[in-house]
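Inside the fold
Here is how the chains run, residue by residue.
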Amino acid sequence: MEGEEDSTTVDWRGRPSNPHKHGGMRPALFVLGLQAFEIMAIAAVGNNLITYVINEMHFSLSKSANVVTNFVGTIFLLALLGGYLSDSYLGSFWTILIFGFLELSGFILLSVQAHLPQLKPPPCNMMMSDGEEQCIEAKGFKAMIFFLAIYLVALGSGCVKPNMIAHGGDQFNQENPKQLKNLSTYFNAAYFAFSLGELVALTILVWVQTHSGMDVGFGVSAAAMAMGLISLICGTLYYRNKPPQGSILTPLAQVLVAAFLKRKHICPSNPQMLHGSQNYVHTDKFRFLDKACIRVELEGTNRKESAWRLCSVGQVEQVKMLVSVVPIFSCTIIFNTILAQLQTFSVQQGSAMDTHLTKSFHIPPASLQSIPYILLIIVVPLYDTFFVPFARKITGHESGISPLRRIGFGLFLATFSMVSAALLEKKRRDAALNHNKTLSIFWITPQFLIFGLSEMFTAVGLLEFFYKQSFKGMQAFLTAITYCSYSFGFYLSSLLVSLVNKITSTSSNGAGGGGWLHYNNLNQDRLDLFYWLMAALSFLNFLNYLFWSRWYSYAPSQPEPYAKQNNNQSKYSGSDDNIP
């Protein structure tokens with residue numbers, strides 16, 4: 001049985017894993033269970049948080065929007081910490097377990113605050129015209145409890161998210177062609193689990209929050225997170241775990257230092273003369289980094305150069321890969337800024353519309369975001385079952401279409417989500433001001449539906465792209481980088497709101513001279529103009545992505561051990577990943 005052991009991964013006891021007992025789709029399903037429950041818990045809180053902050057904490061609309069976007073942005077920024085701790089010291093399983101319980105404690109604290117009146121400011125109606133004067137904003141100890149709770153959730157969720165994807169992906173051996181195809185299926189299944197969790201959160205859990213109180217709703221989120229952790233633990237005996245490799249940042253820092261110290265040296269014309277070049281595919285981009293691999297004889301001594309002066313080609317290729325993916329990563333920031341609008345202003349947009357489904361049943365505005373997920377839980381399985389095998393026969397790519405093409409198509413669709421949102425807001429505002437009519441909330445459907453399809457392509461493509469491009473021992477960290485795109489996108493949203501308010505407050509086009517987004521009343525604000533601005537930025541971002549996707553396709557950056565020799569031509573040729 002020794003020949004069947006996998007020395008690169010271990011079981012729960014730290015022994016070499018057995019391919020017949022560990023890994024594959026079975027343990028990945030337990031991870032998918034965690035993903036569905038975790039997103040269920042966090043989405044129910046995040047997507048209705050702006051309502052809680054306005055109605056219970058009594059923050060203004062613009063401040064509440066920034067609280068939400070900063071909260072979500074922090075979640076995804078902390079993903080880097082989770083990825084680093086996992087790859088370097090803890091491993092993905094233990095990182096998920098530790099920070100999962102921190103996230104659970106944040107949900108519980110949030111539920112306690114929502115339940116106890118003494119932890120909140122006195123009740124009042126923030127929708128009154130003079131709401132800022134009549135309502136007392138949460139400050140001091142009450143604000144501290146609130147921010148402690150949501151940032152415990154942010155810390156836990158941020159560190160859990162990249163490791164769920166990485167731990168599930170680790171169950172598949174990329175050296176096995178069959179499991180490589182299953183890995184592609186796993187990424188689609190992960191988005192299906194995400195969509196299912198979002199759908200439950202935005203319908204059932206948000207309904208509970210609306211009709212039973214936010215305290216009960218937050219408590220249900222805590223219960224969902226507990227179920228997710230139970231699902232993770234149930235798969236313990238079947239996981240193949242990648243052990244931590246020690247600090248993953250030290251080798252990268254060594255390359256930068258060594259390249260700087262040897263900046264005046266000339267690289268040899270033959271790459272085979274570089275240190276440690278035997279087992280790695282050398283690339284020609286960023287050749288200044290190759291200087292870190294130049295051997296220098298130390299005069300009068302037999303001592304070898306230190307690791308901070310001489311690095312291997314493998315180390316240098318890791319740094320090249322990280323630098324190469326930065327432009328691809330940056331092109332998804334605007335995409336996630338659009339997502340921030342759908343989770344904040346579009347929810348308030350829905351609140352200003354007729355939410356009646358029947359005479360007695362109202363649709364909670366936060367449930368609007370369930371619209372795309374209802375479609376996606378049908379589309380995603382069809383995409384993986386029918387489209388991927390069909391496209392695979394044409395392209396020869398195990399994912400059907402390459403991740404770069406998938407990302408590009410999603411970015412293209414995102415623009416039309418903002419165009420739809422702008423047109424709808426203009427129609428809604430004109431109807432309210434000129435005809436004293438309130439449009440049905442179902443008019444808002446297209447902007448959510450288009451963005452949902454866009455996210456299916458962009459988000460899954462980005463995760464697959466980064467996971468497959470990463471080197472051994474860096475999967476969680478590289479996956480975490482994709483989540484930073486969400487973070488920067490939500491932070492950029494906060495910045496744009498502030499800048500737009502400041503710039504337009506001095507413009508005659510501003511709403512009463514107060515800025516496009518200055519008031520708590522959307523009929524006074526000019527949200528439609530802000531959406532047109534987002535549509536323009538999105539289209540310019542797509543054009544920028546076209547350039548960088550073509551540039552990246554000519555830059556292979558993986559070492560030979562992690563890219564099959566017989567697939568090098570198809571995997572790295574410009575024709576596969578170029579976006580026409």
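Residues numbered from 1 in each chain as written. Predicted model: local features only at pLDDT ≥ 70, side-chain atom pairs only at ≥ 80, totals over all residues. Heavy atoms only, no water.

1. Considerations on the overall build of the protein
For the protein, the helix and strand inventory stands at 20 helices and two strands. Every one of the 580 residues in the protein was classed for burial, and the buried ones make up 57%. Accessible area for the protein stands at about 24200 Å²; split by element, carbon and sulfur atoms hold 64% of it. (Helix = DSSP H or I, 4+ residues; strand = E, 2+ residues; numbered from the N terminus. Buried < 20%, exposed > 50% of the residue type's maximum accessible area, 1.4 Å probe, protein only. Areas by Shrake-Rupley, 256 points an atom, 1.4 Å probe, with all protein chains shown as cover.)

2. Notes on the nonpolar core
The nonpolar side chains of soluble globular proteins are, as a tendency, buried together. Among the nonpolar cores identified, the biggest contains 157 residues, and Phe-71, Phe-146, Tyr-186 and Phe-530 are the most heavily contacted of them. Top contributing element to this core by residue count: helix H8 (residues 177-212), with 13 residues. Phe-71 has contacts with Ile-42, Gly-46, Leu-49, Ile-150, Tyr-151, Val-153 and Ala-154, leaving out every residue within four places of it along the chain. (Core = buried A, V, L, I, M, F, W, Y, C linked by side-chain atoms within 4.5 Å. Contact = heavy atoms within 4.5 Å.)

3. As for the packing of aromatic side chains
A full pass over the atoms with the stated rule returns 27 aromatic pairs. Each ring, one from Phe-335 and one from Phe-451, has its centre 4.9 Å from the other, and the planes form 20°; the classification is stacked. Linking Phe-335 in helix H12 (residues 333-343) with Phe-451 in helix H16 (residues 445-469), this pair joins segments that are 116 residues apart in sequence. Judged by centre distance (4.9 Å) and plane angle (80°), the rings of Phe-547 and Trp-548 are edge-to-face. Overall, Phe-547 belongs to the partly exposed group, its relative accessible area being 49%. Its relative accessible area of 25% is what places Trp-548 among the partly exposed residues. Taken together, Tyr-52, Phe-59, Phe-71, Phe-146, Phe-147, Tyr-151 and Phe-218 form an aromatic cluster joined through their ring pairs. Above the face of the Trp-551 ring, Lys-285 is positioned so that its terminal group lies 3.5 Å from the ring centre. (Phe/Tyr/Trp six-rings, centres within 6.5 Å; stacked < 30°, edge-to-face > 60°. Lys NZ or Arg CZ within 6 Å of the ring centre and 35° of its normal.)

4. Here we look at a nonpolar patch on the surface
Together, Tyr-89, Leu-90, Trp-94 and Ile-98 line one region of the surface with nonpolar side chains, adding up to about 420 Å² of accessible area. Of all the secondary structure elements, the ones that give two or more residues to the nonpolar patch are helix H4 (79-90) and helix H5 (92-115). Position of Tyr-89 among the secondary structure elements: in helix H4. (Patch = residues over 30% accessible without salt bridge, like charges linked within 9 Å, V, L, I, M, F, W, Y side chains within 5 Å. Salt bridge = Lys/Arg side-chain N within 4 Å of Asp/Glu carboxyl O.)

5. Let's talk about unusual backbone geometry
Although it is not a glycine, Phe-286 sits at a positive phi angle of roughly 50°. One can find Phe-286 in the loop between helix H10 (249-261) and helix H11 (313-330).

6. Focus: the pattern of salt bridges
Side-chain pairs of opposite charge can arise whenever the charged atoms involved come near each other. Overall, the coordinates contain eleven salt bridges when judged by the stated rule. For the salt bridge of Asp-290 with Arg-287, the shortest nitrogen-to-oxygen distance reads 3.7 Å. A relative accessible area of 35% places Arg-287 in the partly exposed class. Bridged by salt links that share partners, the residues Arg-287, Asp-290, Glu-317 and Lys-320 form one connected network.

7. Considerations on the confidence of the model for the protein
The predicted coordinates ought not to be read in detail in places where the model reports low pLDDT. With 88% of its residues at a pLDDT of at least 70, the protein reaches an overall mean of 81. Low pLDDT, under 50, characterises residues 508-512; the stretch is placed with nine contacts to residues that sit more than four places away or in other chains. This model gives residues 554-580 a pLDDT under 50, and the stretch forms 68 contacts once residues within four places in sequence are excluded. (pLDDT = per-residue confidence, 0-100.)

8. Describing the packing of H10 against H11
Between H10 and H11, the shortest axis-to-axis distance is 9 Å and the interhelical angle comes to 95°. What the angle tells us is that H10 and H11 run roughly perpendicular. On the side of H10, the interface is formed by Pro-251, Leu-252, Gln-254, Val-255 and Leu-256, while H11 contributes Gln-315, Val-316, Gln-318, Val-319 and Leu-322. A per-class count over the contact of H10 with H11 returns seven nonpolar, three polar and no charged. (Axes fitted to C-alpha atoms, helices over the stretch in contact; angles between N-to-C directions. Parallel < 35°, antiparallel > 145°, perpendicular 65-115°, else oblique. Nonpolar A, V, L, I, M, F, W, Y, C, P; charged D, E, K, R; others polar.)

9. Details of the environment of Cys-267
Locating Cys-267 in the fold gives a position in the loop between H10 and H11. Between the C-alpha atoms of Cys-267 and Lys-291, which are 24 residues apart in sequence, the distance is 6.0 Å.

10. Looking at the side chain of Ser-221
Mapping Ser-221 onto the fold places it in helix H9 (residues 214-234). Assessed through its relative accessible area of 0%, Ser-221 is described here as buried. Discounting chain neighbours no more than four positions away, the residues touching Ser-221 are Ala-41, Ala-44, Val-45, Phe-107 and Leu-205.

11. Points about the environment of Tyr-491
In this fold, Tyr-491 is placed in helix H17 (residues 475-504). The exposure class assigned to Tyr-491 is partly exposed, which follows from its relative accessible area of 28%. Sequence separation of Tyr-491 and Phe-71 is 420 residues, and the distance between their C-alpha atoms is 9.3 Å.

12. Things to note about H10
Side chains three or four residues apart in an α-helix point the same way, a direct result of the helix having 3.6 residues per turn. Look at H10: 18 Å from first C-alpha to last across 13 residues, which is about the 18 Å you get at 1.5 Å a residue. If you check which residues of H10 are buried, you get Leu-252, Gln-254, Val-255, Ala-258 and Ala-259. Seen from one end, H10 has its buried residues packed into an arc of 155°, which puts them on one side. In H10, the exposed residues that point more than 90 degrees away from the buried face are Leu-256 and Phe-260. Structurally, H10 contributes buried residues whose contacts are with H11. (Expected span 1.5 Å × (residues − 1). Arc of directions from axis to C-beta.)

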